[in-house]
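Observations on the model geometry
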Amino acid sequence: MSGLTDALAGYLGEDALARIRAVRVGLAGAGGLGSNCAQYLVRCGFCRLRLVDFDVVEAANLNRQFYFAAQTGQKKVAALTENLLRIEPELSVEALAERITPENVLELFGDLDVVVEALDQTRAKILVVESLLGRVGCLVAASGLAGWGDPDALTVRRVRPDFYLVGDETSAVQPGRPPLAPRVNVAAAKEADAVLSWVLAGKGT
Amino acid sequence: MQVTVNGKTEEMPEDTTVSRYLERRGASPESLVVELNGAVLARTGWPGRILRDGDRLEIVRFVQGG
């Protein structure tokens, strides 16, 4: 047992931790939301992760994403796997550097207990939500997190028992309203908390 | 006729389709996911589905950024 697992057993109890460790979580996107949400999930004991993102780390990502300067140019899923393993060496991570399409979305995520929608583009977000809602145990998505100020506006809306939406549904990334670390991390942390709450409520087992 | 939209009851004229309702709300349809009575309603079904008394509609708006 790793040091982190041991510590979490102390915080949460063996039973709760066993439930967390059994859950298979997919992250659709490993950018601002996905890289940070993955980090929080690993720190909460989630250890069976599938990361899907076709992109590479760029300098422009370092203002908010869980990557380091020396990782620019690497595939995000490879860099994120490396970073997560530094937190918890005993993880099972599937790193898929693929673009999510209508043709592959079910194959990529359809077998998982929980999927976190952490994509950038509206169309891709909608594709993931419309395709997976009701097909996976729990879906957590995000919409509206750009800019700064009023972080309490980033709410968690429980649309139905297996679907949570984080964000204000209005703050799109646009000129003058960039994605910045604090609000992006509030949303990523709330996505992780929704997953954790769903599992600890006994829904994942 | 009463329809529940995002948890709030709204009075609606008879023969309101999902498309017509979304237009009236002023939301751009390509940014929305619509769920009717607990199931996703594909956008191809929006023009033909007339809302009925007691329907429960959930509308989620997606904007860019992640």
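Quick summary incoming for the structure in this document. (Residues numbered from 1 in each chain as written. Chains lettered and ligands numbered in written order. Predicted model: local features only at pLDDT ≥ 70, side-chain atom pairs only at ≥ 80, totals over all residues. Heavy atoms only, no water.)

Time to look at the sheet that holds strand β1 (residues 2-5) of chain B. All names here are of chain B. Taken together, 5 strands build an open sheet; the order of strands is β2-β1-β5-β3-β4 and the sheet is mixed. For this open sheet the edge positions go to β2 (8-11) and β4 (39-40), each flanked by a neighbour on one side alone. By the bridge criterion, 2 bridges tie β1 to strand β5 (residues 56-61) in an arrangement that is parallel. When the sheet's bridge partners are listed, Val5 is paired in β5 with Leu57. (Pairing = 2+ DSSP bridges. Helix = DSSP H or I, 4+ residues; strand = E, 2+ residues; numbered from the N terminus.)

With that settled, consider the layout of surface pockets. One simple way to see leftover space: roll a probe sized like a water molecule over the atoms. The volume enclosed by the largest pocket comes to roughly 550 Å³. Considering the residues around the largest pocket, the lining is formed by 28 residues, among which Phe54, Leu119, Asp120, Gln121 and Ala124 of chain A are closest to the centre. Residues that form the lining of the largest pocket fall into these classes: 11 nonpolar, 8 polar and 9 charged. Taken together, Thr122, Arg123, Ile126, Leu127, Glu130 and Ser131 of chain A together with Glu30 and Arg43 of chain B make up the lining of the second largest pocket. (1 Å grid on protein atoms, 1.4 Å probe; cavity = no way out; pocket = protein on both sides within 12 Å on 5 of 7 lines; lining within 4 Å. Points joined across faces, edges and corners; volume = space filled by probe spheres on them. Nonpolar A, V, L, I, M, F, W, Y, C, P; charged D, E, K, R; others polar.)

With that settled, the discussion passes to the side chain of Thr5 of chain A. Inspection of the secondary structure puts Thr5 of chain A in helix α1 (residues 3-12). Here Arg21 of chain A takes part through its side chain, which lies 3.4 Å from a polar atom of the side chain of Thr5 of chain A. (Polar contact = N/O pair within 3.5 Å; in protein donor to acceptor, adjacent residues only side chain to side chain.)

Positionally, Ser143 of chain A belongs in the loop between β5 (138-142) and β6 (155-160). A distance of 2.6 Å separates a polar side-chain atom of Ser143 of chain A from the backbone oxygen of Arg61 of chain B. Those residues within four positions of Ser143 of chain A in sequence are excluded, and the remaining contacts are Leu165, Val166, Gly167, Asp168 and Glu169 of chain A together with Arg61, Phe62 and Val63 of chain B. (Contact = heavy atoms within 4.5 Å.)

Attention now moves to the state of the cysteines. All names here are of chain A. The full count for this structure, using the stated rule, is 0 disulfides over all chains. Cysteine Cys37 remains unbridged, with the sulfur of Cys44 as its closest cysteine sulfur at 9.3 Å. The exposure class assigned to Cys37 is buried, which follows from its relative accessible area of 0%. When its relative accessible area of 21% is taken as the criterion, Cys44 is described as partly exposed. (Disulfide = S-S within 2.5 Å. Buried < 20%, exposed > 50% of the residue type's maximum accessible area, 1.4 Å probe, protein only.)

Looking now at the pairing of strand β1 (residues 24-28) of chain A. Residues and elements named next belong to chain A. In terms of residue burial, β1 counts as a mostly covered element, since 4 of its 5 residues are buried. Bridging between β1 and strand β2 (residues 48-52) involves 5 bridges; their strand directions are parallel. Of the residues in β2, the one forming a bridge with Ala28 is Val52. Between the parallel elements β1 and β2, the chain passes through helix α3 (residues 32-43) in a crossover that is right-handed. (Right-handed = clockwise from strand over helix to strand, strands pointing away.)

To continue, consider the interface of chain B and chain A. Between chain B and chain A, the residue contacts involve 19 residues of the former and 29 residues of the latter. With both sides pooled, the region where chain B packs onto chain A buries about 1900 Å², and carbon together with sulfur makes up 54% of that total. Summed over the three residues of chain B that lose the most area to chain A, namely Phe62, Gln64 and Gly66 of chain B, the buried surface amounts to 37% of that side. Applying the counting rule to chain B against chain A returns 3 salt bridges. In this structure, Arg160 of chain A and Glu35 of chain B form a salt bridge, with 2.8 Å as the shortest nitrogen-oxygen distance. Linking chain B with chain A are 16 residue pairs in polar contact (both at pLDDT 80 or more). Elements with a contribution of two residues or more to the side of chain B that touches chain A: β3 (32-36), β4 and β5 of chain B. (Buried area = accessible area lost by both parts, 1.4 Å probe. Salt bridge = Lys/Arg side-chain N within 4 Å of Asp/Glu carboxyl O.)

Residues and elements named next belong to chain B. On the surface, a cluster of negative charge is contributed by Glu11, Glu14, Asp15 and Asp53. Locating Glu11 in the fold gives a position in strand β2. Classification of Glu11 by relative accessible area gives exposed; the value is 56%. (Patch = residues over 30% accessible without salt bridge, like charges linked within 9 Å, V, L, I, M, F, W, Y side chains within 5 Å. Areas by Shrake-Rupley, 256 points an atom, 1.4 Å probe, with all protein chains shown as cover. Lys, Arg positive; Asp, Glu negative; His and termini not counted. Charge placed at Lys NZ, Arg CZ, Asp CG, Glu CD.)

Right, let's get into the nonpolar core. All names here are of chain A. Ranked by internal contacts, the top residues of the largest apolar core, which has 41 residues, are Val25, Leu41, Phe46, Leu80 and Leu84. Elements represented by at least two residues in this core include exactly β1, α3, β2, α4 (76-87), β4 (114-117), β5, β7 (163-167) and α7 (181-200). Sort the elements by how many residues they give to this core and α7 lands first, with 9 residues. The residues contacting Leu84, other than those within four sequence positions of it, are Ala38, Gln39, Val42, Leu49, Leu51, Phe66 and Leu91. Counting 24 residues, the second-largest nonpolar core is a separate cluster that includes Val52, Leu108, Leu127 and Val129. (Core = buried A, V, L, I, M, F, W, Y, C linked by side-chain atoms within 4.5 Å.)

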